[in-house]
Amino acid sequence: MSQDSIAHIVVGLPVEGPFDYSVPEEFRDKVLVGVRVLVSFAGRKRVGVVVSLGKKALIEKVLPVLKVLDETPAFEENALAFFREFALHFGCSFGEALELSLPASLRKSRRLKAWDRTTPVGGDPAPRTDLLFDCGLKKRWEIILPRVEETLRSGRGVIVLVPDASHIVEAQRRLETLAREFRGVLLRHGTDKEELERWIKVRSGASRLVLGFISGVLAPVQDPGLIVVLEEDSPFYKHDQSPFYHAREAALLRARITKADVLLVSSAPSLEAWRMVSEKKAALIVGERPVCPVKLLDLSNFKMKKGTVISPGLS
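These lines cover the structure that appears in this document, whether it is placed above or below. Given the structure is predicted, the values throughout are model-derived calculations rather than measurements.

**Remarks on the sheet that holds strand E3 (residues 36-41)**
Point 1. Read from one edge of the open sheet, 6 strands run E5-E2-E1-E4-E3-E6, paired in mixed fashion. A strand with exactly one partner marks an edge of an open sheet, and here the two such strands are strand E5 (63-64) and strand E6 (67-68).
Point 2. Across 2 bridges, strand E2 (residues 19-22) lies against E5 in parallel orientation. Bridge pairing links Tyr21 to Leu63 in E5.

Structure representation (structure tokens):
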């Protein structure tokens, strides 16, 4: 085989990979790292993603790539790096992680036309993670909005996550001005066509501001510079279907790989967030203080006294 005539491909199944496929001469200039291709896998035609190219296969007889589906790669190098770590961290296959981030129509053999590729600005050499402990809506947005605007004007992308629909209206209202200027996208359920249009808008760089729910952390923002997780303690950030993951942890993982800032926001921070502050992995920002004082209680060896119904720590 000649140089780069072997494509290492993963598929959206719970199986280890990547798997070797030969690249026919007619596809030699089209099979790039990050593109979707159609291959024969276990006797069926499946969509796979090229994660690397090589000169030599690990097995003697390899099947050929049947079709190239993307004119521009669906995944950039930093996205592949993130999903590779995502798979290791959350215990799924690389292919499952990649497929999870695609709209429904791109999990099938739909072709994807080309767009103009932009050059990433590059990661912050000293990204930071902050925990904004705030109980008031006004004060928190006075801190959030300048961070969002600064990142967008630097040429990088911003992802804002909300846990459920009850928070979306307020977030949209606060981000309205920036969304108009930077063609913000709200990721939500819709038809396959609508989901694909939003995905292309973000992936092509036409929009660098994304507002979404749990899966928003997987949005194809080319060069994310800030990820905001509103109400980071919410249980709705847990994805309870395979592959299982937690959006807050995925945000921290993606930020580490892309050298982006993370802003965790909560009126009742999770123990995980408090631990990050105590270990100096995150800085604490106090906004509008709660009406009642807040303190941490260690209940690991707690025993309730006889004749009481209220914990001494709450009395």
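Having put the structure on the table, let's press on.
**Focus on the pairing of E3**
Point 1. In terms of burial, E3 is largely enclosed, as 5 of its 6 residues are buried.
Point 2. Bridge count for E3 against strand E4 (residues 44-54) is 6 bridges, and the pairing is antiparallel. The partner of Val37 across the bridge, within E4, is Gly48.
Point 3. Turn length for the E3-E4 hairpin, with the two strands adjacent in sequence and antiparallel, is 2 residues, and the turn residue Ala42 shows positive phi of about 55°.
Point 4. Across 2 bridges, the pairing between E3 and E6 is antiparallel. Bridging from a neighbouring strand, Leu38 pairs with Lys67 of E6.

**Some thoughts on the pairing of strand E7 (residues 129-133)**
Point 1. Counting buried positions along E7 yields 5 of 5 residues, so the element is predominantly enclosed.
Point 2. Side chains of E7 alternate between two faces, with Thr129, Leu131 and Phe133 and Asp130 and Leu132 buried alike.
Point 3. One ladder, built from 5 bridges, connects E7 with strand E14 (residues 261-266); its direction is parallel. The partner of Asp130 across the bridge, within E14, is Leu263.

**What to know about the pattern of salt bridges**
Point 1. Taken as a whole, this structure holds 20 salt bridges when the rule is applied.
Point 2. Glu25 is the salt-bridge partner of Arg28, the closest N and O atoms lying 3.5 Å from each other.
Point 3. Of the charged contacts in the structure, one is a salt bridge between Arg140 and Glu231, with a shortest N-O distance of 2.7 Å. A residue pair is termed long-range when its members are at least 10 positions apart, and Arg140 in helix H3 (residues 137-153) and Glu231 in the loop between strand E11 (224-230) and strand E12 (238-239) qualify at 91 residues.
Point 4. Classification of Glu231 by relative accessible area gives buried; the value is 13%.
Point 5. Where salt bridges share partners, they join Arg128, Asp130, Arg147 and Asp261 into one cluster.

**Brief notes about the layout of surface pockets**
Point 1. For the largest pocket, the calculated volume is near 660 Å³.
Point 2. Along the walls of the largest pocket sit 21 residues, with Leu187, Arg188, His189, Glu195 and Ser215 positioned nearest its centre.
Point 3. At 3 residues, helix H5 (residues 192-203) tops the list of elements feeding residues into the lining of the largest pocket.
Point 4. Class assignment for the residues of the lining of the largest pocket results in 12 nonpolar, 5 polar and 4 charged.

What counts, and at which threshold
- Residues numbered from 1 in each chain as written.
- Predicted model: local features only at pLDDT ≥ 70, side-chain atom pairs only at ≥ 80, totals over all residues.
- Heavy atoms only, no water.
- Pairing = 2+ DSSP bridges.
- Helix = DSSP H or I, 4+ residues; strand = E, 2+ residues; numbered from the N terminus.
- Buried < 20%, exposed > 50% of the residue type's maximum accessible area, 1.4 Å probe, protein only.
- Salt bridge = Lys/Arg side-chain N within 4 Å of Asp/Glu carboxyl O.
- 1 Å grid on protein atoms, 1.4 Å probe; cavity = no way out; pocket = protein on both sides within 12 Å on 5 of 7 lines; lining within 4 Å.
- Points joined across faces, edges and corners; volume = space filled by probe spheres on them.
- Nonpolar A, V, L, I, M, F, W, Y, C, P; charged D, E, K, R; others polar.

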